[in-house]
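Here's the letter readout for the chains.
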Amino acid sequence: MLPTTRNAGRTKGPIPNHRVPKARFSKTLAATLAGTLMSLSLPALAADLSEIQERGYMEVATEDNYAPFNFIEGDNAKGFNADMLEELRDYADFEIRQEILPWTGLLAAVSNDQYDMALTGASVSDERLRVFNYTPPYASAQHFAIKRADDDSISDVDDLSDKQVGVQAGSVLLSRLPELEAMLEDDGGTLGEVVQYESYPEAFADLANGRLDYVIDSAVPVNTLVASKPDVFAKGPAVSGAGYVSWPIPKDSPELLEYMTGFLEHLKENGRLAELQKKWFGESFPDLPEKPLTSVEQFHELAGLDD
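What you see as residue numbers is a count from 1 along each chain, following the sequence as written. Where local features are concerned, this predicted model is filtered to residues with pLDDT of at least 70; where side-chain atom pairs are given and counted, the filter is 80 or more; whole-chain, interface and lining totals use all residues. Side-chain measures here rest on the full set of heavy atoms in the structure, leaving out hydrogens and waters.

Caption draft 1: Seen up close, the overall build of the protein chain. Within the protein chain one finds twelve helices and 17 strands. For every residue, the accessible area (1.4 Å probe, protein chains only) is compared with the maximum for its type, and the residue is labelled buried under 20%, exposed over 50%, or partly exposed between those bounds. Within the protein chain, buried positions represent 52% of all 307 residues. Between two residues, a contact is recorded if the distance between any of their heavy atoms is within 4.5 Å. A sequence separation of at least 24 residues applies to 78% of the contacts in the protein chain between residues at least 6 apart. Each accessible area is a Shrake-Rupley result for a 1.4 Å probe, and residues are judged covered by the shown protein chains and nothing else. For the protein chain, the accessible surface area stands at approximately 13,400 Å², while carbon and sulfur atoms represent 47% of it. Put simply, DSSP H or I for four residues or longer makes a helix, DSSP E for two residues or longer makes a strand, and each gets a number counted from the N terminus.

Set out below in structure tokens:
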């Protein structure tokens, strides 16, 4: 049995609501993560830069339901990565083709050679680094709890014990829940029931309606959500160590990784990267790592996860 998954309206039918006993969460989470990793571990055959240049186009996969990274407003694509896509089209000497996918299948599609890279708000994780390299990070991704604005019962991590939490299925937020579990156990608490969602808007709706106690998301979308709806949501305690957001590129595309690293360096030098960070994230991130992330060991050292 898997943690509860609630349908976000993108699938053709309802997803069964399986409730998981809280005491069995660690085993359940391990099984869930194993299934996710298997879907990402298929052979990566995506085209490298030389083939992209020869055929004259690059295919990128994006999503459309994760503000402020990618979202739809009216009939128009908006967000940091929508603007970055336009910058890339101006920079590249080949065509950039885009396809919008549901988040839950996006990274598997890239690893299966359907797309050359993912141009979306993807957090770095151990599991993903075994399949992908990442361009230099463009945003922080430390995880925080989001609570209802009128909920005075949550002020620090200990207050999250045994409360029901919402998180996106197949996400790094899910894979790093053991960090929160360990924080709670250190003070005699327990991680409550975990409810997985296809996308965050439905999780936030359930939180606002009292169907959840809190939701976990990374720093940028948390800040954006709270700023946009301060009467509904409030930022809670940090529930993870440091993290990063960047673009995943298959391991067998080192030339493309170098090319996209050069693209980010170009935008940093001309000031456009900081401009777009401030526009969409409310702040720039001048102290992020400047080199691509290519191994679990490198990621752990940068994020202080082995301290």
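Caption draft 2: Examining the pairing of strand 14 (residues 214–218) more closely. Of all five residues that make up strand 14, five are buried, and the element is covered over most of its length. Both faces of strand 14 are covered, namely the face carrying Tyr214, Ile216 and Ser218 and the face carrying Val215 and Asp217. Pairing between strands is defined by DSSP: at least two bridges between them are needed. The pairing of strand 11 (residues 143–148) with strand 14 spans four bridges and is antiparallel. The residue bridging His143 from the neighbouring strand is Ser218, located in strand 14. Taken together, the two bridges between strand 12 (residues 165–168) and strand 14 define a ladder with parallel strand orientation. Across the sheet, residue Gly166 finds its bridge partner in strand 14, namely Val215.

Caption draft 3: The arrangement of the confidence of the model for the protein chain in detail. Scored by pLDDT, the protein chain comes out at a mean of 86, with 84% of its residues at no less than 70. Here residues 5–45 is modelled with pLDDT under 50, and outside its nearest four sequence neighbours on either side it reaches 86 contacts, counting other chains as well. pLDDT expresses how confident the predictor is about each individual residue, on a scale running from 0 to 100.

Caption draft 4: Representation of the pattern of salt bridges in the model. Here a salt bridge means any side-chain nitrogen of Lys or Arg lying within 4 Å of a carboxyl oxygen belonging to Asp or Glu. Counted by the stated rule, this structure contains ten salt bridges. Residue Lys279 is joined to Asp83 by a salt bridge in which the shortest nitrogen-to-oxygen separation is 2.9 Å. Placement of the pair is Lys279 in helix 11 (residues 272–281) and Asp83 in helix 3 (residues 80–91), with a sequence separation of 196 residues. With a relative accessible area of 51%, Lys279 lands in the exposed category. According to the relative accessible area criterion, Asp83 is buried, its value standing at 18%. Its salt-bridge partner being Arg89, residue Glu86 comes within 2.9 Å of it at the nearest N-O pair. Highlighted residues: Glu86 and Arg89, both in helix 3, separated by three residues, approximately one helical turn. In this structure Arg89 comes out as partly exposed when scored by relative accessible area, which is 32%.

Caption draft 5: Up close: helix 12 (residues 296–303). Every buried residue belonging to helix 12 is among Val296, Phe299, His300 and Ala303, and all of these are buried. The buried side chains of helix 12 occupy one side of the element, clustering within an arc of 100° when seen end-on. Facing away from the buried side of helix 12, by more than 90 degrees, are the exposed residues Glu297 and Glu301. Packing partners of the buried residues in helix 12 comprise helix 5 (126–129) and strand 16 (244–246). The arc under discussion is defined with respect to the helix axis, by the directions toward the C-beta atoms.

Caption draft 6: Structural context of a negative patch on the surface. Nonpolar side chains (Val, Leu, Ile, Met, Phe, Trp, Tyr) within 5 Å and like charges within 9 Å form the patches, drawn only from residues with over 30% relative accessible area and no salt bridge. All tallies of charge rest on Lys and Arg as positive and Asp and Glu as negative; His and the ends of each chain are not included. A charge is said to be at NZ when it belongs to Lys, at CZ for Arg, at CG for Asp and at CD for Glu. There is a patch of like negative charges on the surface, built from Asp156, Asp158, Glu185, Asp186 and Asp187. Classification of Asp158 by relative accessible area gives partly exposed; the value is 39%.

Caption draft 7: The arrangement of unusual backbone geometry in detail. Note that the residue after Ala67, namely Pro68, is joined by a cis bond; omega there is 5°. One can find Pro68 in the loop between strand 3 (65–66) and strand 4 (70–73). Here the phi dihedral of Asp113 falls at roughly 75°; this positive angle occurs in a residue that is not glycine. Here Asp162, not a glycine, exhibits a phi torsion of approximately 65°, which is positive. Among the secondary structure elements, Asp162 is positioned in the loop between strand 11 and strand 12.

Caption draft 8: The sheet that holds strand 6 (residues 95–100), seen in detail. Spatial strand order, 6-2-7: three strands in an open sheet with parallel pairing. The strands lining the two open edges of the sheet, one partner per strand, are strand 6 and strand 7 (117–118). Relative to strand 7, strand 2 (residues 57–62) runs parallel, the two being bridged by two bridges. Bridge pairing in strand 7 links Ala61 to Ala118.

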